Amino acid sequence: MGSDEMRAGVTLTNLDKPLFDGAAATKRDLIDYLEFVGDRLVNQLRDRPLSVVRIRPGQEPFMQKNLPKYTPEWVPRVTLWAESARREVTYALGDDVRTLLWFGNQRAVEYHPTLLLADHSAGPTHLVLDLDPSPGQTFRHAVLGAELIRAALAADGLAGAVKTSGAKGVHVFVPVVAGTDIEDAAAATRAIAARAERLDPDLATTAFIREDREGKVFLDSTRSGGATVVAAYSPRIRPGVPVSFPIGWADLADASPTDFTLHTAPDRLGDRDPWTEEMPAPQTLPEDLVAEGHTIPVARVQAMHEGKRRARARRAT
């Protein structure tokens, strides 16, 4: 069988083949890493519908939401109505390390849980702000954007934890108490971004339409409701396989996303779980924040209308 072996009752195949072009890592490296971060990754995936990004050698990566027919019966799952797909989707729940190893064997490199638990009635667990540099900007700009978010949160008595996205960006997670209304959470996320933009409009923007961003850091407040966001410790399908990595606020300015890869993250982590350590206790959303947020249009809807308006204007000239 060569490179085949069993771990946690999962048959693993082709372990010594390259993970993908430019990965500088094998499938074995991915499995070893998933086993190493194990429970720390499961902590964030548990009870959440899971989408994964898989990559086959020589092919483009693809996001998989619906579990394939050949999925073993022991993989935990939940079937939900997916509004975007207009059909029922059977998602995996990343409730145990065994499931991670099975996914790793399927070349699932990236792990994207939903912000809502499978039981939507509990409400969202976190607000997420995604700081995305414009073309020509660097990770350093995303860090400055995250600092604006931190300041806007602090002004309203809130706190969050921060991690690299594993690409060029930064994610700020703000834990909220159980039972927070989905629409209120979305509104508060919009208000935080708007307040951060007001702190330094030369650096940051909430403009959803790309050409309106003028080379500024995009404060993306659209991750809400059933949205997914890449988990802390998840690898990314990029050269060298960087991972989304938690960073203390004090260390953010000196960090670089390339510091944290499939190969280097285990040594940096040891047996710690900095994502859990850095995460504040769940917080109640201040009324002023929610109220302001409800006055701010939903970006995607606004952008769609604006796109149509611009198209009409172009046709009229």
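Cut-offs used in this document
- Residues numbered from 1 in each chain as written.
- Predicted model: local features only at pLDDT ≥ 70, side-chain atom pairs only at ≥ 80, totals over all residues.
- Heavy atoms only, no water.
- Domains from an automatic or database assignment.
- Contact = heavy atoms within 4.5 Å.
- Buried area = accessible area lost by both parts, 1.4 Å probe.
- Salt bridge = Lys/Arg side-chain N within 4 Å of Asp/Glu carboxyl O.
- Phe/Tyr/Trp six-rings, centres within 6.5 Å; stacked < 30°, edge-to-face > 60°.
- Helix = DSSP H or I, 4+ residues; strand = E, 2+ residues; numbered from the N terminus.
- Buried < 20%, exposed > 50% of the residue type's maximum accessible area, 1.4 Å probe, protein only.
- Lys NZ or Arg CZ within 6 Å of the ring centre and 35° of its normal.
- Pairing = 2+ DSSP bridges.
- Axes fitted to C-alpha atoms, helices over the stretch in contact; angles between N-to-C directions.
- 1 Å grid on protein atoms, 1.4 Å probe; cavity = no way out; pocket = protein on both sides within 12 Å on 5 of 7 lines; lining within 4 Å.
- Points joined across faces, edges and corners; volume = space filled by probe spheres on them.
- Nonpolar A, V, L, I, M, F, W, Y, C, P; charged D, E, K, R; others polar.

Named according to an unreviewed UniProt entry, the chain is DNA ligase D, polymerase domain-containing protein originating from Nocardia amikacinitolerans.

A. Here's a closer look at the domain arrangement of the chain. Domain annotation of the chain identifies domain 1 (1-113) and domain 2 (123-316). Relative to domain 2, the C-alpha centre of domain 1 lies at a distance of 25 Å. Of the residues lining the interface, 27 residues belong to domain 1; the matching set on domain 2 comes to 29 residues. Together domain 1 and domain 2 conceal approximately 2100 Å² of surface at their shared face, both sides included; 62% is due to carbon and sulfur atoms. If you sort the residues of domain 1 by the area they bury against domain 2, Y33, R40 and Q44 come out on top, with a joint share of 30%. Scanning the region where domain 1 abuts domain 2 turns up 1 salt bridge.

B. Quick peek at the packing of aromatic side chains. The final tally for this structure, using the stated rule, is 7 aromatic pairs. Ring geometry for F245 against F260: centres 4.4 Å apart, planes inclined by 5°, an arrangement best described as stacked. Residue F245 is found in the loop between β12 (217-220) and β13 (246-247), and its partner F260 is found in the loop between β13 and α5 (265-269); the two are separated by 15 residues along the sequence. The same class applies to F245 and to F260, which are both buried. In this structure an aromatic cluster arises from ring pairing among Y70, W102, F103 and Y111. Positioned over the ring face of F36 is R40, at 4.8 Å from the centre of the ring. One Lys or Arg, R98, reaches over the ring of W74 and ends 3.8 Å from the middle of that ring.

C. Main features of the sheet that holds strand β9 (residues 161-164). With mixed pairing, 6 strands are arranged side by side in an open sheet as β11-β12-β8-β10-β9-β13. One side of each edge strand has no neighbouring strand; the edge strands of this open sheet are β11 (204-205) and β13. Two strands pair when backbone bridges link them, and β9 and β13 are joined in this way by 2 bridges, in the antiparallel orientation. By the bridge assignment, K163 is partnered in β13 with P246. Across the face of the sheet, helix α4 (residues 182-199) comes into contact with β8 (126-132), β11 and β12 while running at roughly 40° to β8.

D. Region of interest: empty space enclosed by the protein. Evaluation of the coordinates by the stated rule reveals 1 cavity of 30 Å³ or more. Sorting the residues of the lining of the largest cavity by element identifies β8 and α4 as the ones contributing at least two each. When residues of the lining of the largest cavity are assigned to their parent elements, the largest contribution, 4 residues, is made by α4. Of the residues in the lining of the largest cavity, the class split is 7 nonpolar, 4 polar and 1 charged.

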